[in-house]
Amino acid sequence: MKAGILVDRIDGSQLSFNITACVNHISNNMVNTDIIIFTKEPSAPVLTPLFAIMPETEIWGFDAPVISTSLETASTLLQATGPTQKYFYVWDLEWMRLQDFMHSNLSAIYNNENIELIARSKRHRNIISKCWRSPSHIINDFDHKDLIRVIKND
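We now turn to the structure provided with this report. Since we're looking at a predicted model, the values are computed, not measured. Note on numbering: residues in each chain are counted from 1, in written sequence order. Two thresholds apply to this predicted model, a pLDDT of at least 70 for residue-level local features and 80 or more for giving and counting side-chain atom pairs, whereas whole-chain, interface and lining totals are computed over all residues. The side-chain numbers reported here are obtained from all heavy atoms of the structure, hydrogens and water having been left aside.

A few words on the sheet that holds strand β4 (residues 66-68). The seven strands are arranged β3-β2-β1-β4-β5-β6-β7 in an open sheet whose pairing can be described as parallel. Strands with a single pairing partner mark the edges of an open sheet, and in this sheet they are β3 (53-55) and β7 (137-138). Strands were regarded as paired on the criterion that DSSP finds at least two bridges between them. By definition, any uninterrupted DSSP run of H or I lasting at least four residues is a helix, any uninterrupted run of E lasting at least two residues is a strand, and each is numbered from the N terminus. Taken together, the three bridges between strand β2 (residues 34-39) and β3 define a ladder with parallel strand orientation. Bridging from a neighbouring strand, Phe 38 pairs with Met 54 of β3.

Dropping the structure here:
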């Protein structure tokens with residue numbers, strides 16, 4: 001089984017730390033499971049990665065599920081033709097802090113039927129559901145068991 005996660009960068013953020021810890025755990029404990037991190041910007045991870053890190057342009061030929069992690073990466077993922085399944089992990093409720101936003105631009109991502117929404121917690125799921133489509137899944141802070149369940153489509 002293979003999958004990808006599309007991030008802005010793999011740096012010292014809490015998101016990057018959780019992703020790295022999650023994918024390292026999967027790499028150490030699950031045979032025949034390959035998760036690749038695709039990045040928009042080059043950066044240095046805070047933990048030693050036990051997985052491949054590639055530039056975002058590689059998702060165009062990647063024939064497996066891909067999970068985006070921000071509005072910007074979700075927008076990129078929606079345009080890519082390679083991934084077999086597209087997800088937007090709403091790690092951060094970033095639309096709440098945008099100063100100059102167009103509802104139609106946000107709706108084109110959050111309400112797009114070509115991408116499944118994933119919430120970070122039950123609380124986030126409730127908030128997202130009140131503003132946009134209801135998330136199909138919950139992955140608690142990039143928990144490895146939740147991630148595998150989503151990728152396997154269980």
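On we go.
Looking now at helix α5 (residues 144-152). Burial here depends on accessible area, computed with a 1.4 Å probe over protein chains only, as a share of the maximum for the residue type. Under 20% is buried, over 50% is exposed, and the range in between is partly exposed. Restricting attention to buried positions, one finds in α5 the residues Asp 146, Leu 147, Ile 148, Val 150 and Ile 151. Polar contacts here mean pairs of N or O atoms no more than 3.5 Å apart (in protein, one a potential hydrogen donor and the other a potential acceptor; neighbouring residues in sequence count only if both atoms are side-chain atoms). A side-chain oxygen of the first residue of α5 lies 3.1 Å from the backbone nitrogen of Lys 145; this N-cap is Asp 143. Where α5 terminates, the next one or two residues include Asn 153, which has phi positive at roughly 65°.

What follows concerns unusual backbone geometry. The residue Asp 141 is not glycine, and still its phi comes out positive at about 45°. Residue placement: Asp 141 occurs in the loop between β7 and α5. In the Ramachandran plot, Phe 142 falls in the positive-phi region, its phi being about 60° despite a non-glycine side chain. Relative to the helices and strands, Phe 142 resides in the loop between β7 and α5.

Our focus in this paragraph is the nonpolar core. Here, nonpolar core refers to any group of buried Ala, Val, Leu, Ile, Met, Phe, Trp, Tyr and Cys residues whose side-chain atoms link them within 4.5 Å. Counting residues in each nonpolar core, the largest one holds 24 residues, and the members touching the most others are Phe 88, Val 90, Trp 95, Tyr 110 and Ile 128. Any two residues whose heavy atoms approach within 4.5 Å are treated as being in contact. Not counting the four nearest positions on each side in its chain, Ile 128 is found in contact with Val 90, Leu 93, Trp 95, Leu 117, Ala 119, Arg 133 and Pro 135. Ranked by size, the runner-up nonpolar core spans 23 residues in total, among them Ile 5, Val 7, Trp 91 and Leu 147.

What follows covers the pattern of salt bridges. Take a side-chain nitrogen of Lys or Arg and a carboxyl oxygen of Asp or Glu: if they are within 4 Å of each other, that pair is a salt bridge. What the rule picks out here adds up to seven salt bridges. Salt-bridge contacts for Asp 63 lead to Lys 2; the nearest nitrogen and oxygen are separated by 2.7 Å. Here the residue Asp 63 occupies a position in the loop between β3 and β4, and Lys 2 occupies one in strand β1 (residues 2-7), the gap between them amounting to 61 residues. In this structure, Asp 141 and Arg 120 form a salt bridge, with 2.5 Å as the shortest nitrogen-oxygen distance. Taken together, the residues span a long stretch of sequence, with Asp 141 in the loop between β7 and α5 and Arg 120 in the loop between β6 (116-119) and α4 (122-131) at a distance of 21 residues. For Asp 141, a relative accessible area of 37% gives the class partly exposed. Where salt bridges share partners, they join Arg 9, Asp 11 and Glu 41 into one cluster.

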